[in-house]
Amino acid sequence: MKNKQNKALGNILSSVLAIVGGLLFGLIVLLVTNPKEAFSGFMAILGGGINYGINNIGLILNYATPIIMTGLSVGFAFKTGLFNIGAAGQFTVGAFVAVYIGVKWTFLPFGLHCLVAIIFACLAGALWGLVPGFLKAVANVNEVISSILMNYIGMHLVNMLIKSAGVYDSLRNQSKPVAQTANLPKMGLDKLFPGANINSGILIALIFVIIMYIIIEKTTFGYELKACGMNKNASKYAGINENRSIILSMVIAGGLAGIGGALYYLSGTGRYMQVLDVIAQQGFDGISVALLGVSNPIGIFFAGIFIAHITNGGLYLQLFGFVPEVIQMIIASIIYFGAFALLVKGLLTNMQKRKAAKMEQQQSVSTKTNGEGAK
């Protein structure tokens, strides 16, 4: 229990140090480019735009919702020793299925309409995750390579389907708006945050955070997946089906990313799928969120909120003469600092293990010597 608590504390400290290091790097960039407005711009980032009105709370939570889901997708695969870099493609495929159902299945009533769209989006994302998982399990194809390819296949396939499936607005080169019945209900959040454009998507993401935490930490299935990720040979010797774990891990990860796509485009904020040869940014943001949250579902939730917070604050940098892309530099540096902190923590852990093993060996030799002397 003590080791588990120390590990959790170490993960928290590594994330905090990464955030502090990334923000200090961002401040240096601002000072170099425009010293007079550097601190004003930096405070805008820290404030996340909340100082400019309560509406920004809705923007932060809406932006956080899909990247929390893609973060869960990447983080869950990390727990089982897999790098699901294909969350962007799974997100896109799930989003298209949700939009298609939202536009076409208008016979469904409010509430049920968005629920059906989310379920089918989950299945579509799971199917897209199944392919690299199956290839990894059966033919040992590196999941990074196969999932990257699936990103591009998903992007081009969805662009083609938008045009051919009857959901295309040719004047705007984007998908048609989903029916009002397909939009996520607000569930009173609009009254809790007056004036904020907010819906129940963040609550759905929170529910999945709790579900994934229970699965990973409290179930035999989650233990088997983690054991397979830590040591495949040992888990195989213990009777765990490695191939089954790999496939199920990628299927679940794909389903989570697909749900993220549904929550993003059913948010009722005028979002449309553009027919562009651009991979969804939310998938790559999910990698950042998963790394910052150390692949822990609860950590991922707060990491998603934090990334959304500073991203929203970065939109106001233009008021002080900075380009908004600075915030992407800060996020990237946070991830680098996070990776460095984890590396240092790993080195210190290995040093402590070696020291403990050496002390144990010395104690064993001393005990043996004393025993022989007594004889």
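Please refer to the structure higher up on the page.
Below or above, wherever it landed, is the structure these notes cover. (Residues numbered from 1 in each chain as written. Predicted model: local features only at pLDDT ≥ 70, side-chain atom pairs only at ≥ 80, totals over all residues. Heavy atoms only, no water.)

### Quick word on a nonpolar patch on the surface
- Together, L127, L130, V131, F134, L135 and V138 make up a nonpolar patch on the protein surface, roughly 490 Å² of accessible area in all.
- Relative to the assigned elements, V138 resides in helix α5 (residues 112–139).
- Here V138 falls in the exposed class, since its relative accessible area comes to 58%. (Patch = residues over 30% accessible without salt bridge, like charges linked within 9 Å, V, L, I, M, F, W, Y side chains within 5 Å. Areas by Shrake-Rupley, 256 points an atom, 1.4 Å probe, with all protein chains shown as cover. Salt bridge = Lys/Arg side-chain N within 4 Å of Asp/Glu carboxyl O. Helix = DSSP H or I, 4+ residues; strand = E, 2+ residues; numbered from the N terminus. Buried < 20%, exposed > 50% of the residue type's maximum accessible area, 1.4 Å probe, protein only.)

### Observations concerning the pattern of salt bridges
- A complete count under the given rule lists 4 salt bridges for this structure.
- K136 serves as the salt-bridge partner of E143, at 3.5 Å between the closest nitrogen and oxygen. Both residues of the pair, E143 and K136, belong to the buried class.
- E224 serves as the salt-bridge partner of R244, at 3.7 Å between the closest nitrogen and oxygen. Here E224 lies in helix α9 (residues 220–230) and R244 lies in helix α11 (residues 242–265), a separation of 20 residues in the sequence.
- Look at R244 and you get partly exposed, because its relative accessible area is 39%.

### Regarding the packing of aromatic side chains
- The final tally for this structure, using the stated rule, is 7 aromatic pairs.
- Taking 4.8 Å as the distance between ring centres and 85° as the angle between the ring planes, the aromatic pair formed by Y264 and Y265 counts as edge-to-face.
- Residue class for Y264 comes out buried when judged on its relative accessible area of 17%.
- By relative accessible area, which is 13% here, Y265 ends up buried. (Phe/Tyr/Trp six-rings, centres within 6.5 Å; stacked < 30°, edge-to-face > 60°.)

### Remarks on the nonpolar core
- Ranked by size, the top nonpolar core spans 78 residues in total, and within it I68, L72, L266, M273 and L292 carry the most contacts.
- When neighbours within four sequence positions are excluded, I68 is seen to be in contact with I202, A205, V209, I300, F301, G304 and I305. (Core = buried A, V, L, I, M, F, W, Y, C linked by side-chain atoms within 4.5 Å. Contact = heavy atoms within 4.5 Å.)

### Some details on unusual backbone geometry
- Phi at N140 is positive, roughly 55°, even though this residue is not glycine.
- When you line up the elements, N140 lands in the loop between α5 and α6 (143–164).
- In this structure N140 comes out as exposed when scored by relative accessible area, which is 59%.
- Positive phi, normally seen in glycine, also occurs at V294, with a value near 55°.

### As for the environment of I162
- Among the secondary structure elements, I162 is positioned in helix α6.
- Here the alpha-carbon distance between I162 and V275, two residues 113 residues apart in the chain, equals 7.6 Å.
- Excluding residues within four positions of it along the chain, I162 makes contact with F96, V167, Y168, S175, M273 and V275.

### A short note on the packing of α9 against α11
- α11 packs onto α9 with a crossing angle of 105° between their chain directions and a minimal axis gap of 10 Å. Comparing their axes, α11 and α9 come out roughly perpendicular. Here F221, E224, L225 and C228 of α9 come into contact with α11, specifically with E242, R244, S245, L248 and I252.
- Class assignment for the residues of the contact of α9 with α11 results in 5 nonpolar, 1 polar and 3 charged. (Axes fitted to C-alpha atoms, helices over the stretch in contact; angles between N-to-C directions. Parallel < 35°, antiparallel > 145°, perpendicular 65-115°, else oblique. Nonpolar A, V, L, I, M, F, W, Y, C, P; charged D, E, K, R; others polar.)

### A short note on α6
- Its 22 residues give α6 an end-to-end C-alpha distance of 30 Å, which sits within 8% of 32 Å, the value for a rise of 1.5 Å per residue.
- Taken as a whole, α6 has its buried residues at E143, S146, S147, M150, N151, G154, M155, V158, N159 and I162.
- On its buried face, α6 is in contact with α4 (87–104), α5, β1 (168–169), β2 (174–175) and α12 (281–292).
- Directly after α6, the chain includes G166, whose backbone phi takes a positive value near 80°. (Expected span 1.5 Å × (residues − 1).)

### Side note on α12
- An ideal rise of 1.5 Å per residue puts 16 Å on 12 residues; α12 measures up with 17 Å between its terminal C-alpha atoms.
- In terms of burial, α12 is largely enclosed, as 9 of its 12 residues are buried.
- Within α12 the residues assigned to the buried category are Q282, G283, D285, G286, I287, S288, V289, A290 and L292.
- Positioned one or two residues after α12, V294 has a phi angle of 55°, which is positive.

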